Amino acid sequence: MGFNCGIVGLPNVGKSTLFNALTATVQAQAANYPFCTIEPNAGRVAVPDERLEVIAQLAKSATIVPTYLEFVDIAGLVRGASQGEGLGNQFLGHIREVDAICHVVRCFEEGDVTHVEGAIDPVRDIETVETELMLADLENIEKRTESAEKRARGGDKVAKAQLKMMAPVLEALQKGEPAHTADVPPDLQTDFRRLKLLTAKPVLYICNVDEGSAATGNALSDKVIAMAAGGGAECVVISAAIEAEVAQLADADEQLEYLAGLGLTETGLARVIRSGYRLLDLITFLTAAPKETRAWTVPKGALAPEAAGHIHTDFQKGFIRAETISYDDYIACGGEQQARDAGKLRQEGKDYVVQEGDLILFRFNV
């Protein structure tokens, strides 16, 4: 099961530079002109997890395999995109397919990098993008509602249920509020998610600041942080320029030394990746054996058989039980056998909700 975040924003805010640094590749062409990204570029990035090395040492694992997120670099949006301006239709089509939105916002002043609006104002830029997404969603829901009303008049029960689900969404969008604020009944949430509305997706604001502001932020990023806090969204401050430099350093110690010289203890990208992971409401469970120590991604609330299916479909089909040790108990006891001897291993069944950091051995029979 893949989880992806779409990197969006106005042209020339640093989206492709950020994507290149995230994936440590040059898949996306970074250039100082609008629409340099014509087709979405996708790259997988490892989710930082210090636990893997500790577990691997205790399990004497030959290899370590982290869990991954996918980031998609999407063409820049401009005012009027919902009406097809710029590459609007392509932009909106690509973003509809991602699980979450990483909205890159320009929070730096630099004369030789043009801004499509002519001046730097991150809050205005956010409102421009979000307005276009809401207008696109409004048109979408209006068309769906019109179609459903015709079918409902003919006695179509499915259409009547759709109207019940879409009514609060249409009301919210007509008031200029994003779809995620709509009061959709709990029993209709699955149908709501199937609409793939742009403003129903979780959002992470990424403030792209100048190099001198990477550690502390600046007045521009402060405005975005305040806006994000007011809307319950997440926000990360980074310098895409610094991240691009760090990505060129292959040695981890060199990276840390370079960052330390700038007053930083970790890359901004590490924070972006972790925030994206939280944004998608994901958790990690772990497996450990002499062959490999591995991290696996599942949605929060996943049951043990579902988690087993992420390893292999046979594990889910023939699920018997999940032999589970918490990470803390695994480390405190010094490994799997010691945890077993200490009575810390639990036999969990089909109704067990997997917890963050669980080390699990699945028993199955097909």
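Scroll up to find the structure.
All of the points below concern the structure found in this document.

What counts and how
- For every chain, the first residue of the written sequence is number 1, and numbering continues from 1 along that sequence.
- Given that the model is predicted, a residue must reach a pLDDT of at least 70 before its local features are reported, and side-chain atom pairs must reach 80 or more before they are shown or counted; all residues, however, enter totals for whole chains, interfaces and linings.
- Here the side-chain values reflect all heavy atoms present in the structure, with hydrogen atoms and water set aside.
- Numbering goes from the N terminus for both helices and strands, where a helix is a DSSP run of H or I of at least four residues and a strand is a run of E of at least two.
- Here a residue-residue contact requires only that any non-hydrogen atoms of the pair lie within 4.5 Å.
- Note on method: axes are straight lines fitted to C-alpha atoms, helices fitted across the in-contact stretch only, with angles between N-to-C directions ranging 0 to 180 degrees.
- For this classification, under 35 degrees means roughly parallel, over 145 means roughly antiparallel, 65 to 115 means roughly perpendicular, and everything else is oblique.
- Two helices cross in a left-handed way if the nearer one is turned anticlockwise from the farther one by less than a right angle. They cross in a right-handed way if the turn is clockwise.
- Asp, Glu, Lys and Arg are counted as charged, while Ala, Val, Leu, Ile, Met, Phe, Trp, Tyr, Cys and Pro are counted as nonpolar; the rest, among them Gly, fall into the polar class.
- Of the two site types, the cavity is a set of points on a 1 Å grid over the protein atoms alone where a 1.4 Å probe fits but cannot get out, and the pocket is an open set with protein on both sides within 12 Å along at least five of seven lines, each lined by residues with an atom within 4 Å of a point.
- Grid points are joined across faces, edges and corners, and a volume is the space filled by probe spheres set on the points.
- Note on definitions: salt bridges are taken to be side-chain nitrogens of Lys or Arg within 4 Å of carboxyl oxygens of Asp or Glu.
- A simple rule labels every residue: compare its accessible area, found with a 1.4 Å probe on the protein chains alone, to the largest value its type can have, and call it buried under 20%, exposed over 50%, or partly exposed in between.

## Points about the side chain of T145
Line of reasoning, step 1. Looking at the secondary structure, you find T145 in helix α4 (residues 122–153).
Line of reasoning, step 2. When residues no more than four places from it in sequence are discounted, the contact partners of T145 are L163, M166 and L170.

## Observations regarding the packing of helix α8 (residues 240–247) against helix α9 (residues 252–260)
Line of reasoning, step 1. Put simply, α8 and α9 touch, their axes get as near as 10 Å, and they point 150° apart. Accordingly, the angle class assigned to the pair α8 and α9 is roughly antiparallel. In the packing of α8 onto α9, the handedness of the crossing is right-handed. When α8 is examined against α9, the residues I242, E245 and V246 are found in contact with a partner set consisting of Q255, Y258 and L259.
Line of reasoning, step 2. Partitioned by chemical class, the residues of the contact of α8 with α9 number four nonpolar, one polar and one charged.

## Some details on the layout of surface pockets
Line of reasoning, step 1. The computed volume of the largest pocket comes to approximately 800 Å³.
Line of reasoning, step 2. Secondary structure elements with two or more residues in the lining of the largest pocket: α1 (15–23), β2 (41–46), α8, α9 and α10 (268–279).
Line of reasoning, step 3. Of the residues contributing to the lining of the largest pocket, the split by class is 15 nonpolar, four polar and six charged.
Line of reasoning, step 4. Taken as a whole, the second largest pocket encloses approximately 650 Å³ of empty space.
Line of reasoning, step 5. With four residues, the single largest contributor to the lining of the second largest pocket is helix α6 (residues 189–194).
Line of reasoning, step 6. Across the lining of the second largest pocket, the residue classes break down as ten nonpolar, three polar and eight charged.

## Regarding the pattern of salt bridges
Line of reasoning, step 1. Taken as a whole, this structure holds 17 salt bridges when the rule is applied.
Line of reasoning, step 2. Of the charged contacts, one joins E234 and R278 as a salt bridge, the two residues approaching to 2.9 Å between their closest N and O atoms. Separated by 44 residues along the polypeptide, E234 in strand β7 (residues 234–238) and R278 in helix α10 bring together distant segments of the chain.
Line of reasoning, step 3. Overall, the relative accessible area of 23% leaves E234 in the partly exposed class.
Line of reasoning, step 4. Of the charged contacts in the structure, one is a salt bridge between E348 and R346, with a shortest N-O distance of 2.8 Å.
Line of reasoning, step 5. By relative accessible area, which is 17% here, E348 ends up buried.

## Observations regarding unusual backbone geometry
Line of reasoning, step 1. Even without being a glycine, K60 presents a positive backbone phi close to 55°.
Line of reasoning, step 2. Mapped onto the fold, K60 is located in the loop between α2 (51–59) and β3 (63–65).
Line of reasoning, step 3. Take K60: its relative accessible area is 67%, and that puts it in the exposed class.

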